[in-house]
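# Coordinate inspection notes
One-letter residues, chain by chain:
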Amino acid sequence: MTATLRQRNVVILGSTGSIGTSTLDVIRRHPDRFSVLALTAHRNIDLLVAQCVEFKPRIVAVPDAERAARTREALTARGLQDIEVMDTPTHLAQVAAHADADMIMAAIVGAAGLPATLAAVEAGKTVLLANKEALVMSGPLFMQAARRAGALLLPIDSEHNAIFQALPVNFREGLDRAGVRKIILTASGGPFRTLPLDALQSVTPDEACAHPNWVMGRKISVDSATMMNKGLEVIEARWLFNAAPDQVEVLIHPQSIIHSMVSYHDGSVLAQLGNPDMRTPIACAMAWPERIDAGVAPLDLTRSGRLDFEAPDETRFPCLKLAREAMLRGGGAPTLLNAANEVAVEAFLDQRLPFMRIADVVKSVLDELPVEELPDLDAVYAADRSAREVASRSVMSRIFASTP
Ligand code: NAD
Ligand code: MG
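Residues numbered from 1 in each chain as written. Chains lettered and ligands numbered in written order. Predicted model: local features only at pLDDT ≥ 70, side-chain atom pairs only at ≥ 80, totals over all residues. Heavy atoms only, no water.

## Section: the packing of helix H2 (residues 45-55) against helix H3 (residues 65-77)
To describe two helices that pack against each other, one gives the angle between their axes and the distance between the axes. Across the interface, H2 lies against H3 with an axial gap of 10 Å and an inter-helix angle of 40 degrees. With respect to their mutual orientation, H2 and H3 come out oblique. Seen along the crossing, H2 lies across H3 with a hand that is right-handed. Across the interface between the two elements, Ile45, Leu48, Val49 and Cys52 from H2 touch Arg67, Arg70, Thr71, Ala74 and Leu75 from H3. Residues belonging to the contact of H2 with H3 are distributed by class as follows: six nonpolar, one polar and two charged. (Axes fitted to C-alpha atoms, helices over the stretch in contact; angles between N-to-C directions. Helix = DSSP H or I, 4+ residues; strand = E, 2+ residues; numbered from the N terminus. Parallel < 35°, antiparallel > 145°, perpendicular 65-115°, else oblique. Left-handed = near helix turned anticlockwise from the far one by under 90°. Contact = heavy atoms within 4.5 Å. Nonpolar A, V, L, I, M, F, W, Y, C, P; charged D, E, K, R; others polar.)

Structure representation (structure tokens):
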């Protein structure tokens, strides 16, 4: 007799995004294992409704009354009036902590994802963490909350998922005890790794979003182009794996085949390899500790050809340096860095700020604001708000400076 699997109830925060849709694709392949309890979306109501038609969640949350009303109407028109539609930002946190939820995919982009991601953590859930900004802005508090509630954090970021796979199971007792010397985060270097420096002045949002190896949302694509993404990931790795700041290294690897490595005291280096497709880390985390089909083509090293490596160039990528400095300063510095970066990236995507000025805006915020300890979440949100104000002013002054 074959044992029947208990279906696990999944909540997807940010189901209409790049990670959200890849998560649903993994679920689509394993209807016996996973059932969708709740989906949340921000603007793309048409896609959310299509997802409801296919996956029949019990609840959807859209944190805006007008868009939620449109969702309700569209669901009723499709005979899906039994799906409960929640309509405020607080509802995102409510679905994230739902009593029937087994696992929460935290895939909202940016600081907007923190309240709901943290609610899942505080409810002691299995949290699949894609929303790195939530962890970066509240590192110690986030990790304390996870320990206190017994939440299981499974990394979705491909690098952190690779490291998670290459670490021994007891890594939470301390990296030294586990024999780990260093964590090596690989980075593709993004679309501008070899572009002449003066050409960087005039790159457009579409060019910045055309990543050579990965298809991702626009914010993280710009972060990859500035390498702020890798900076955020260094901070993310520090917290997720309880690493000392100098235990996390960055190595450029343009082919994105090795997703990261762990270097051990005995000289061994364990790497995780695969085609660059987020369904691999998503499936790995969703089925953990089992392995399931993710729909990803097997890696054929005879076809992927050579693998190259080089040290990152911090002149070309000042954001990487700013992130490392913020990590070393500690306290609220990563919170300020993250908020300033979100404001600057949005301004770049709206064509209000040149690409090369993103780092300047972030630096101006870190130079201007005091770095304080953040004892609680109110302090985190206050630091986030101040950084956004200063960053917005900094963006404005740069626009006026460049207007003839
Ligand atoms: P995306 O822009 O494609 O999707 C973002 C999702 O968040 C959407 O569903 C959107 O509805 C929702 N959202 C946006 N603003 C919101 C708000 N104010 N309130 C509620 N919901 C909101 O982004 P993505 O590329 O899927 O990235 C999601 C997260 O995963 C990011 O933190 C990113 O850094 C991380 N991540 C993404 C990838 C990738 O390959 N895309 C890889 C690693 C990590
Ligand atoms: Mg990554």
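## Regarding the coordination of the magnesium ion (ligand 2)
Around the magnesium ion (ligand 2), the donor atoms from the protein are Asp157 (OD), Glu159 (OE) and Glu233 (OE), and they sit 2.1 to 2.2 Å away. Donor residues for the magnesium ion (ligand 2), ordered by position in the chain, follow D-x1-E-x73-E. Here aspartate 157 is found in the loop between strand E7 (152-155) and helix H7 (158-166), whereas its partner glutamate 233 is found in helix H10 (residues 228-240), with 76 residues between them in sequence. By relative accessible area, which is 8% here, aspartate 157 ends up buried. Owing to a relative accessible area of 1%, glutamate 233 belongs among the buried residues under this scheme. (Donors = N, O, S within 2.8 Å, 3.2 Å for Na, K, Ca; no water. Buried < 20%, exposed > 50% of the residue type's maximum accessible area, 1.4 Å probe, protein only.)

## With respect to the site of ligand 1
Lining the immediate surroundings of ligand 1 are 22 residues, of which Thr16, Ser18, Ile19, Glu133 and Gly217 lie closest. Contact distances for ligand 1 include 3.1 Å between an oxygen atom and a backbone N or O atom of glycine 17. Mapped by element, the contributors of at least two residues to the shell around ligand 1 are helix H1 (18-29) and helix H6 (132-149). (Near = heavy atom within 4 Å. Polar contact = N/O pair within 3.5 Å; in protein donor to acceptor, adjacent residues only side chain to side chain.)

## Here we look at the domain arrangement of the protein chain
Along its sequence, the protein chain is carved into domain 1 (8-155) and domain 2 (330-404). Of note, the centres of domain 1 and domain 2, computed from C-alpha atoms alone, are 28 Å apart. Facing the ten residues of domain 1 at the interface are twelve residues of domain 2. Summing both sides of the interface, domain 1 and domain 2 together bury roughly 820 Å²; the carbon and sulfur share of this comes to 68%. Three residues stand out in domain 1 for area buried against domain 2, namely Val136, Met137 and Leu141, and they jointly supply 57% of the buried area on that side. Where domain 1 meets domain 2, there are zero salt bridges. Between domain 1 and domain 2 we count two residue pairs in polar contact (both at pLDDT 80 or more) in total. (Domains from an automatic or database assignment. Buried area = accessible area lost by both parts, 1.4 Å probe. Salt bridge = Lys/Arg side-chain N within 4 Å of Asp/Glu carboxyl O.)

## Focus: the sheet that holds strand E3 (residues 59-61)
Pairing within the open sheet is parallel, and its seven strands lie in the order E4-E3-E2-E1-E5-E6-E7. Looking at strand neighbours, the two that pair on one side only are strand E4 (84-86) and E7, the edges of this open sheet. Here the average twist between neighbouring strands, direction ignored, is 25 degrees. Sheet topology places strand E6 (residues 126-129) next to E7; four bridges connect them, and they run parallel. Across the sheet, the residue bridging to leucine 129 is proline 155, located in E7. Of the strands in this sheet, strand E1 (8-13), strand E5 (103-106), E6 and E7 are in contact with helix H5 (residues 114-122), which crosses E6 at around 145 degrees. (Pairing = 2+ DSSP bridges.)

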